[in-house]
Amino acid sequence: MLRKIMEGCVRLRKDGNTITLLNRKRSLPELFISYLKNNGLPYAMEKTFKYLNPRNIRQEYLEIMGILDGKHAYTGPSFIQIDITNDCNNDCIGCWCNSPLLGDRRLPPKIKSQSLPISLIKSFLDEAAGMGAKEIYYAGGGEPFMHPHIMEVLEYTKKKGLICYVNTNFTLIDREKVKRLVDLGLDHMTVSVWAGTAQTYRETHPNKSEETFLRIKDTLRYLNSLKTSIRKPYIKVYHVISSINYKEILEMVDFALDTDSESLEFTVIDTIPGATDKLLLNKDEAEETVRKCDILRSKMNNGEFRKKLEILNFDHFYRRISSSFAEKGQYDKGLLDELPCYVGWTFARILADGNVNSCLKSHRFPVGNIYNQKFLKIWNSPKQIEFRKNALDPKEGNPFFKLIGNDPGLKLGCYKSCDDIGRNLYMRSKVSSLDSPKKFLLKNLTRYFNLRRFYAGV
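What counts and how
For every chain, the first residue of its written sequence is number 1, and the numbers climb from 1 along that sequence. Where totals are concerned, whole chains, interfaces and linings use all residues; where local detail is concerned, this predicted model gives features only for residues with pLDDT of at least 70, and gives and counts side-chain atom pairs only at 80 or more. Side-chain descriptors were evaluated using all non-hydrogen atoms of the structure, hydrogens and water having been removed beforehand. Every case where a carboxyl oxygen of Asp or Glu lies within 4 Å of a side-chain nitrogen of Lys or Arg is listed as a salt bridge. Strands are runs of DSSP state E lasting at least two residues, helices are runs of H or I lasting at least four, and both sets are numbered from the N terminus onward. Throughout, exposure labels follow a simple rule: accessible area from a 1.4 Å probe, protein chains only, divided by the maximum for the residue type, with under 20% read as buried, over 50% as exposed, and the rest as partly exposed. Each pair of strands is called paired provided DSSP finds at least two bridges between the two strands. Pairing of aromatic side chains here covers Phe, Tyr and the six-membered ring of Trp, requires ring centres within 6.5 Å, and sorts the geometry by plane angle: under 30 degrees stacked, over 60 edge-to-face, intermediate tilted. Our definition puts a charge over a ring when NZ of Lys or CZ of Arg is within 6 Å of the ring centre and also within 35 degrees of the ring normal. Angles run from 0 to 180 degrees between N-to-C directions of axes, and those axes are lines fitted to C-alpha atoms, restricted for helices to the stretch in contact. Angles are sorted into four bins: roughly parallel if under 35 degrees, roughly antiparallel if over 145, roughly perpendicular if 65 to 115, and oblique for all others. Helix crossings fall into two classes, left-handed where the near helix is turned counterclockwise from the far one by less than a right angle and right-handed where it is turned clockwise. The criterion used for residue contact is that any of the two residues' heavy atoms lie within 4.5 Å. Basically, the charged four are Asp, Glu, Lys and Arg, the nonpolar ten are Ala, Val, Leu, Ile, Met, Phe, Trp, Tyr, Cys and Pro, and anything else, Gly included, counts as polar. Contacts described as polar in this section are N or O atom pairs within 3.5 Å, which, within protein, must combine one atom able to donate a hydrogen with one able to accept it, while residues neighboring in sequence count only if both atoms come from side chains.

**Here's the deal with the pattern of salt bridges**
(1) Moving on: This model, assessed by the stated rule, comprises 21 salt bridges.
(2) Moving on: In this structure, the salt-bridge partner of lysine 236 is glutamate 265, at a minimum N-O distance of 2.8 Å. With lysine 236 in strand β7 (residues 234-241) and glutamate 265 in strand β8 (residues 263-268), this pair connects stretches of sequence that are 29 residues apart.
(3) Moving on: Two residues, aspartate 332 and arginine 320, come together in a salt bridge whose shortest N-O distance is 2.7 Å. Of this pair, aspartate 332 sits in the loop between α13 (314-322) and α14 (343-346) while arginine 320 sits in helix α13; the two residues are twelve residues apart in sequence, bridging distant segments of the chain. Per residue, the accessibility class of aspartate 332 equals that of arginine 320, and both read buried.

**Regarding the pairing of strand β10 (residues 347-350)**
(1) Moving on: Residues Phe347 and Arg349 point to one face of β10 and Ala348 and Ile350 to the other, with burial holding for every one of them.
(2) Moving on: Where β10 meets strand β11 (residues 355-357), two bridges bridge the pair, whose relative direction is antiparallel. Within β11, the residue paired with isoleucine 350 across the bridge is valine 356.

**Re the packing of aromatic side chains**
(1) Moving on: Going through the model one piece at a time under the given rule, you end up with 13 aromatic pairs.
(2) Moving on: Three or more aromatic residues joined by ring pairs form one cluster here, namely Phe79, Tyr137, Tyr165 and Phe347.
(3) Moving on: Directly above the ring of tyrosine 222 sits arginine 175, whose terminal nitrogen or CZ lies 4.0 Å from the centroid.
(4) Moving on: Here lysine 383 stacks its cationic end above the ring of phenylalanine 365, 5.7 Å away from the centre of that ring.

**Some words on the packing of helix α12 (residues 283-301) against α13**
(1) Moving on: The interhelical angle for the contact between α12 and α13, taken along N-to-C directions, is 155°, at an axis separation of 10 Å. By the criterion of interaxial angle, the relationship of α12 to α13 is roughly antiparallel. Regarding α12 and α13, the two cross each other, and that crossing is left-handed. Side by side, α12 and α13 meet where Ala286, Thr289, Val290, Cys293, Asp294, Leu296, Arg297 and Met300 of the first sit next to Phe314, Asp315, Phe317, Tyr318, Ile321 and Ser322 of the second.
(2) Moving on: Here the contact of α12 with α13 is built from residues that sort into nine nonpolar, two polar and three charged.

**Regarding the sheet that holds β7**
(1) Moving on: Spatially, ten strands are ordered β9-β8-β7-β6-β5-β4-β3-β10-β11-β12 in an open sheet, and the strand pairing comes out mixed. At either end of the open sheet lies a strand with only one pairing partner, and these are β9 (310-312) and β12 (368-369).
(2) Moving on: Where strand β5 (residues 163-168) meets strand β6 (residues 188-192), four bridges bridge the pair, whose relative direction is parallel. Bridging from a neighbouring strand, valine 166 pairs with methionine 189 of β6.
(3) Moving on: Lying on the sheet, α13 is in contact with β7, β8 and β9; it crosses β8 at an angle near 20°.

**Some points on the side chain of asparagine 86**
(1) Moving on: Tracing the chain through its elements places asparagine 86 in the loop between β3 (79-82) and α5 (109-112).
(2) Moving on: In this structure the side chain of asparagine 86 is engaged in a polar contact, spanning 3.1 Å, whose partner is the backbone oxygen of isoleucine 111.
(3) Moving on: Aside from chain neighbours lying at most four places away, what touches asparagine 86 is Leu107, Ile111, Lys112, Gln114, Gly141, Gly142 and Ala352.

**Re the environment of leucine 154**
(1) Moving on: Assignment of secondary structure puts leucine 154 in helix α7 (residues 150-159).
(2) Moving on: In this structure, the C-alpha to C-alpha distance between leucine 154 and leucine 186, residues 32 residues apart in sequence, is 7.5 Å.
(3) Moving on: For leucine 154, the contacting residues outside a window of four places in its chain are Tyr138, Phe145, Cys164, Val166, Leu181, Leu184 and Leu186.

**Some details on the packing of helix α6 (residues 118-130) against α7**
(1) Moving on: Contact pair α6 / α7: the axes reach a minimum separation of 11 Å and the direction vectors enclose 15°. Here α6 is positioned roughly parallel relative to α7, judged by the angle of their axes. As for how α6 packs across α7, the hand of that crossing is right-handed. Residues Ile118, Ile121, Lys122, Leu125 and Asp126 of α6 form the contact with α7, whose participating residues are Glu152, Val153, Tyr156 and Thr157.
(2) Moving on: Per-class residue counts for the contact of α6 with α7 are five nonpolar, one polar and three charged.

So, in structure tokens, the structure goes:
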């Protein structure tokens, strides 16, 4: 029986050929049985792991092995968000930290002033790269360009060979910084605008002016004019849609086209009860937004934006604003009830106070702190394992999920616009694509794979 299962594993390669090892062809089952007879099961499993599609094992299989294990991770997160500062020069109307609608719930000055020191950021990047991280995203409760060493941080990130993203309000970027960003090869910038016109920009950013909007537009156009054929940094203009700006969907598209930006994304607003929830779309506003999106979809289908502008995750946004739960801001209710969460194996967020979060909205459930402990230890700590086990089977009645998001009164906080749906859908497709022999082998390899290697950072 075991031989038949192992024979199925030979089909790991698309051409179906046996794997060439030690200058002669031997099938994977033959190799396994040989090791099993001569060296025992643990050694056979270890060797099989070593030769199983060796070029892709770290990228393709180690995350899946962790998911099949159900608790431990066998590689570090491939994508990490770092909130390098809580400080921000904007008061975006829908912000969880600085919106004037929050009143005395706004971020206190002491917390707002928190920033990660450059030495800690660099040591963390060294560790993350060694654990297999591929992409670093600078964003969070503060504006990254408020950090006094932001350019040094970005330069060091690129020096480590990591793909680098920055989410910015773009108000602190002048032409000198633009040249430096292009020269250092920054990969991606998300420019948060929330408006298609100067007047609406002022309404969504109460401490800014219409002139700020025009300056952003001019500087963004200048940045895009400097880029070579490589087109770095790739620009995404980002809009959080609320009751203030929903009428400007088409004008937001015009802004992206006018600035020669590569892409555009809309998202729904995630509100805080008794404060920013007045920004939710009511039924009529949601219906009007859907109508504008239908016009936009027609333009997309007619090829009007082809090779000019990519509108990212449009179907995802459309589903959310069309949801029967949209008026309550629970856009993802229904979808998440049947979707396991794999983010505990693929992602981590580091806050400006050093706390480590397992997902973008688990700030009320930190699993460790990089001031106190190496991230390598936090990554497979008891709290991180607890998160993984709960997230694999999300249930509305599980009290754990009341800790997720900004609404403690919600039974499953993930309903309010989960930020990790794309990553979870992608990982589910990878796990689902495994045939039975491959799944059997990967699951059993977790029993014999030497965890101490990963704990040691090898």
